[in-house]
Amino acid sequence: MMRPLVSVEGARRVDARTREEYGVPELVLMEQAGMRLHEVFREVAGEDGPVVYVCGSGNNGGDAMVMARWAWLEGRRDVRLVLRARRFSEAGRVQARVLERLGVPVLVWEEEREEVRRVCREAGWVVEGVLGVGARGGLAEDVAELFRVVGESGARVFSVDVPGGVGCEGGVRADVTAMVGVGKWEVLVPAWREWAGELRVVPIGFPPEVVREEAEGWWLGPGDVGGLVGRVRAASHKGERGRVGVWAGSRGLAGAALLSARAAARTPAGLVYLCCDEEVYGLLGGLGGGVVVRPGDEGVRVDAAVVGPGWGRGEGRVGQLAAILGRCGRGVIDADGLEALARLRDGEGRLDLGGRWVLTPHPGECARLAGCTVEEVLGAPGRVCGELARGLGAVVVLKAHTTWVVAPSGRVWVYDGMCAPLGTGGAGDVLAGVIGGLLAHGVGVEEAACAGVVAHGEAGRRLFARRGWFGAEDLVGEVGTILKDLGVDYG
Ligand SMILES: NC(=O)C1=CN([C@@H]2O[C@H](COP(=O)(O)OP(=O)(O)OC[C@H]3O[C@@H](n4cnc5c(N)ncnc54)[C@H](O)[C@@H]3O)[C@@H](O)[C@H]2O)[C@@H](O)CC1
Ligand SMILES: Nc1ncnc2c1ncn2[C@@H]1O[C@H](COP(=O)(O)OP(=O)(O)O)[C@@H](O)[C@H]1O
């Protein structure tokens, strides 16, 4: 089942509604959060220490104090508590009192800065519970300084719920972030993703209906692909399983066309046509294998198109794209196809793709289409892609180290890619081919985009795990295997 994502603000509502509407006491939630967080911390940190629990004055600090208590109760004596100040939330005060009775050593940042610096330098791990979803505005000076001390300590950092001060100048950089109860999409924003390190979510018993009501997006994972694509009939033949048309390649960029077409051929789609320019036909004509290569596109009738990989930006592309949009019901527009689309839209003033097309821009292409900077795209993908998706009537797939799929309806899905080996020339062409193949096969537009993104990302991860660094042609070879392994079966 797809995991919900809430905003930081939504998380505050989930927390409040769980207490107010369901009567779950704050201390119970905090205990559950702290225990679960402690279990995850034990798993990632093992016996490494010393451990410094740095606690702010809110409930995020309270969670970290519960963690410290459990470590102490389990017999660890290399734990230290650092309080930002002697101020607490109501539930946090309870935790502080218990820790004091237990005899856990405590330092107070406001009063003993040098000593705090020293214990942080000596620490193997810092558990950061200074700021969670209750943070507002820019960082207070003392917290910014505390985060500098943590950052410069050399200790590994485990952040509670969200990396403290995420999105603010001077926020913490965590090695592991364990989100409480539900994922927060802010952590998956490309501009901030590296602050969080390895991501975990710890269940703490928020009522699922409350989380669903507050969800603002969905977190895609490998378990989602089978359900999104569905099962292929055993008796189906190639003519029934979908025809893909790939309009791609140009002089010097013919390889991109092959990558897309071959990737499409490794999906359940039955037939792939590669429609290329006359001038590269001589080169591509004999390389198709199972892909039918045509000089031009006369008489080619397809269920879905893939337009743009390595297409070049020649004058004629805008008209060609308009013709493809007219004759194909659905498809993917990628790379140079997106430049042609931008020109077509700018020429016509407005364009409505009727929710039937998927656009797959990387951040630079997205910025060009949206008329903003790459920084804006990376910092506010939901807003930028949402406006683009609504404006063009298309599903937008923003491809970065986290990939955002945004529908014209405003629905958002995020895939946490974080796989450097995928950043290799031609990887995007492969993705376009996979999504095109799924569309031709009859998978829904949003579903094809989501499933393609996950299959592509997981293919990259597995390929690296098995064989190390790879090129896009290796990725193509992995497409059929990953789809099968993720549940796209027949019968
Ligand atoms: N009911 C509960 O006990 C639960 C608490 N939870 C935890 O509680 C956290 C939220 O707790 P709170 O709402 O108390 O908020 P936080 O603990 O995230 O932050 C509030 C504290 O930070 C200070 N602060 C806010 N903005 C700041 C800024 N810009 N610079 C410096 N200081 C700033 C405030 O003065 C206050 O002391 C979650 O992130 C989570 O860790 C969750 O475990 C869910 C359940
Ligand atoms: N660090 C990364 N982690 C995960 N995925 C990445 C990373 N870098 C790049 N990618 C993915 O690789 C693909 C690159 O596509 P693109 O930029 O269009 O390249 P090309 O034009 O060479 O095909 C996208 O799907 C993107 O999400």
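Conventions adopted
Every chain is numbered independently, its residues counted from 1 as its sequence is written. Each chain gets a letter, beginning with A, and each ligand a number, beginning with 1, in the order they are written. Residue-level local features of this predicted model are given only where pLDDT is at least 70; pairs of side-chain atoms are given and counted only at 80 or more, and the full residue set underlies all totals for whole chains, interfaces and linings. UniProt positions are given in the numbering used here, feature names are shortened, and annotations may be inferred rather than shown by experiment. Residue pairs qualify as contacts under a 7 Å threshold applied to their C-beta atoms, which are placed from the backbone. In this text, helices come from DSSP runs of H or I with a minimum length of four residues, and strands from runs of E with a minimum of two, each type numbered from the N-terminal end. Counting other C-beta atoms within 10 Å of its own, a residue is labelled buried from 20 upward, exposed at 12 or fewer, and partly exposed in the gap between, with every C-beta atom placed from the backbone. To decide whether a residue is near a molecule or strand, its C-beta atom is placed from the backbone and checked for lying within 6 Å of it. Nonpolar residues are Ala, Val, Leu, Ile, Met, Phe, Trp, Tyr, Cys and Pro. Charged residues are Asp, Glu, Lys and Arg, and all others, Gly as well, are polar. What a helix is expected to span follows from its residue count: subtract one and scale by 1.5 Å. The directions considered for the arc run from the helix axis to the C-beta atoms. Strands are treated as partners if at least two bridges between them are detected by DSSP. As a rule, the C-alpha atoms of each element are fitted with a line to give its axis, helices using only the stretch in contact, and angles between N-to-C directions run from 0 to 180 degrees.

Per an unreviewed UniProt entry, the chain carries the name ADP-dependent (S)-NAD(P)H-hydrate dehydratase and comes from Winmispira thermophila. Among the UniProt annotations of the chain, the heading Subunit (unreviewed entry) holds the following wording: "Homotetramer."

A. Molecular detail of the UniProt feature "binding site: AMP" (unreviewed entry) in the chain. UniProt tags K399, A400, H401, T402, T403 and G428 as "binding site: AMP" (unreviewed entry). For the residues just named, distributed over 30 residues, the greatest C-alpha separation is only 13.6 Å, placing them together at one site. Beyond its immediate stretch of four places on either side in the chain, K399 contacts T360, P361, H362, G428 and L431. Looking at where G428 falls in the secondary structure, it is placed in helix 17 (residues 427-441). G428 gets classed as buried once you count the C-beta atoms within 10 Å, which come to 26.

B. Structural context of the site of ligand 2. As a matter of local geometry, ligand 2 sits amid 19 residues, with H362, K399, G417, G423 and G428 nearest to it. Residue composition of the shell around ligand 2, grouped by class: eight nonpolar, nine polar and two charged.

C. Up close: helix 1 (residues 8-20). Between its first and last C-alpha atoms helix 1 spans 19 Å; for 13 residues at 1.5 Å apiece the expected length is 18 Å, and the two agree. Here helix 1 has its buried residues at G10, A11, V14, D15 and T18. Along the long axis of helix 1, the arc covered by the buried residues comes to 145°, so they all point the same way. Seen from the buried face of helix 1, the exposed residues on the opposite side, beyond 90 degrees, are E9, A16 and E20. For helix 1, the secondary structure elements touched by its buried residues are strand 1 (3-6), helix 2 (26-45), strand 8 (183-184) and helix 8 (208-214).

D. Spotlight on the site of ligand 1. Every one of the 29 residues lining ligand 1 counts as a neighbour, but G58, N59, N60, G132 and G134 are closest to it. Within the residue set of the shell around ligand 1, elements represented by two or more residues are helix 2 and helix 3 (59-73). The class makeup of the residues in the shell around ligand 1 is 12 nonpolar, 12 polar and five charged.

E. Fine view of the sheet that holds strand 7 (residues 176-180). A sheet is described by the order of its strands in space; here seven strands give the open sequence 4-3-2-5-6-7-9, paired in parallel fashion. Each edge of the open sheet carries a strand with a single partner, namely strand 4 (106-108) and strand 9 (198-202). With strand direction ignored, the average angle separating the axes of adjacent strands in the sheet is 20°. Sheet analysis places strand 2 (residues 51-55) next to strand 3 (residues 79-83), joined by five bridges and oriented parallel. The partner of V52 across the bridge, within strand 3, is R80. Running at roughly 155° to strand 2, helix 3 makes contact with strand 2, strand 3, strand 5 (125-129), strand 6 (156-160) and strand 7 of the sheet.

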